[in-house]
2 protein chains.
Amino acid sequence: MSSLRRALRVPPAPVRLSGLDPRSTPLVPGDKERTREVMRVDAERLAELQQRLYAEGVGGGRRRVLLVLQGMDTSGKGGVVKHVVGAMEPHGVQVVSFGRPTPEELRHSFLWRVRKALPGPGKVGVFDRSHYEDVLVGRVRQLAAPEVIERRYREITRFERQLVADDVTVVKVFLHLSPWEQKQRLLARLDDSTKRWKFDPSDVDERALWPEYQEAYATAMERTDTDTTPWYVVPADRKWYRNWAVGRLLLETLTALQPRLPEPTWDVDEQRDRLVEEQPLSG
Amino acid sequence: MSSLRRALRVPPAPVRLSGLDPRSTPLVPGDKERTREVMRVDAERLAELQQRLYAEGVGGGRRRVLLVLQGMDTSGKGGVVKHVVGAMEPHGVQVVSFGRPTPEELRHSFLWRVRKALPGPGKVGVFDRSHYEDVLVGRVRQLAAPEVIERRYREITRFERQLVADDVTVVKVFLHLSPWEQKQRLLARLDDSTKRWKFDPSDVDERALWPEYQEAYATAMERTDTDTTPWYVVPADRKWYRNWAVGRLLLETLTALQPRLPEPTWDVDEQRDRLVEEQPLSG
């Protein structure tokens, strides 16, 4: 069952993203139609496991999951949230988007806003962008000195190690898109009046720095990938593969957790008797 | 279009819940199957309007929606979250459950934790239980003196008036369940080992206070129903009617808001040219 996690795990340093094909489809269960079918079945199993994790939390369990989504504009972070995360029950799922930091956020450590957004026990938290922006755009746009960026990798590693100690299962996903596919998607946004609001001219500016961003992603993964806080590189040029793959990574992760329904601390028969034998209620 | 909102609006004081049938199905579009079909269509329109509201927020709009769900145990707050709220995109939807207040929450005003959980601009917030618990269980269980409860109705009214001034559209739903149906649902929970964790023996204790709770709900609605912060009484004995009705109330509300996609502040053709004419990217 853990095979997709093995197949998509970021390779050991030095990471060369140019050697990983954004159009590839590792371990795909079939063609587009078949993959979508499999994804529907996976989604039901995922929703059931998520409910069990939620129940475990209600019963006092501390475990939770954090899915970190990173990738270039149009790589499909929103699509994953809609199709994969949307298949789970809103109860117990918490999506947080991290945009440009506010003035208040800038007055604190870059991890401040992230700590406040962590999922509670029993929950599945999803970060659409995350603390990694501070070593991605932060590095490419030189928003911080190189030694500050270097320190941040270590701070992230320490932070995530603490999360693991706090029973958070961390799943980090890089949606690996090709620049050619991004161009098509940006043009499509421009041409669709109902999607145009998602376009930002700065997306085109960032695009000019594509190689620098790829380098920053590769370095971030090299520095922060560990066996307990792994990075997965999900080829993202094909939306149907991307959705299936992220769903399957979550499914494998939750299956390995084996969330347990809490045992009742009361007697089932006694409670049933109380209900059956109660006095008639007015009202 | 606003007809279900008219049909389910709580009647003027004095509110007599015993006169409203929990098995009734006002304005139902057909039988169970047909209603579920209609609901699927409604859900798509709802998701589209929610996306527009979200886009409006991205474009700087301040409007948002707050759905408050109240009702006795097993009345279906969780079911509404799953079936109605779950039909919208997780982006832009924020579900908050209010349980028994923590020690920290008890040190603050009863509105403190609620203020922290309000939806941001462009979002649809959902409260599964809410500040109303403090005039429901608070009243029935005498957790506060009668004059404190009286003051809370006024504080709630003032608080919600402020929300409206802050561009929050408030939709308050009371899921109206019969005690007979509740008994069936509690027994079903006990008998299903995968649902047993949802059962709490205190649910049976609360049940013995059914008339007092109905009275507390009626009074709360009388004191806090206004044209801009309306209460709706949704008959909840039939799950398929309940889900359709809450979805339709939201749909009517969002339709009336007419959320607008933001106009681009940049020139579409110019951005298209930038993309088409760019230098080849390495990477």
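Chain A goes by PPK2 family polyphosphate:nucleotide phosphotransferase in an unreviewed UniProt entry, where it is assigned to Modestobacter roseus.

## Re helix α8 (residues 179-191) of chain B
Taking 1.5 Å of rise per residue, the 13 residues of α8(B) would be expected to cover 18 Å, and the 18 Å separating its terminal C-alpha atoms lies within 8% of that figure. For α8(B), the set of buried residues is Pro179(B), Glu181(B), Gln182(B), Lys183(B), Arg185(B), Leu186(B), Leu187(B), Arg189(B) and Leu190(B). Buried-residue contacts for α8(B) involve α12 (268-276) of chain A together with α9 (201-207), α10 (210-224) and α11 (239-257) of chain B.

## Here we look at the sheet that holds strand β2 (residues 93-97) of chain B
Residue and element names in this part refer to chain B. Pairing in this open sheet of 5 strands is parallel, and the strands run β2-β3-β1-β4-β5 from one edge to the other. The sheet is open, and its two borders are formed by β2 and β5 (231-235), each paired with just one other strand. Averaged over all adjacent pairs, the angle separating strand axes in this sheet is 20 degrees, with direction ignored. As paired strands, strand β1 (residues 64-71) and strand β3 (residues 124-128) are joined by 5 bridges and run parallel to one another. For Leu67, the partnering residue across the bridge sits in β3 and is Val126.

## Side note on the interface of chain B and chain A
Each partner contributes to the interface: chain B provides 47 residues, whereas chain A provides 47 residues. Here chain B meets chain A over a buried area of about 4,500 Å², counting both sides, of which 67% is carbon and sulfur. Where chain B meets chain A, there are 10 salt bridges. Here Glu278(A) ties to Arg207(B) by a salt bridge, and the two come within 2.4 Å at their closest N and O atoms. Inspection of the chain B/chain A interface yields 16 residue pairs in polar contact (both at pLDDT 80 or more).

The rules we used
- Residues numbered from 1 in each chain as written.
- Chains lettered and ligands numbered in written order.
- Predicted model: local features only at pLDDT ≥ 70, side-chain atom pairs only at ≥ 80, totals over all residues.
- Heavy atoms only, no water.
- Helix = DSSP H or I, 4+ residues; strand = E, 2+ residues; numbered from the N terminus.
- Expected span 1.5 Å × (residues − 1).
- Buried < 20%, exposed > 50% of the residue type's maximum accessible area, 1.4 Å probe, protein only.
- Contact = heavy atoms within 4.5 Å.
- Pairing = 2+ DSSP bridges.
- Axes fitted to C-alpha atoms, helices over the stretch in contact; angles between N-to-C directions.
- Buried area = accessible area lost by both parts, 1.4 Å probe.
- Salt bridge = Lys/Arg side-chain N within 4 Å of Asp/Glu carboxyl O.
- Polar contact = N/O pair within 3.5 Å; in protein donor to acceptor, adjacent residues only side chain to side chain.

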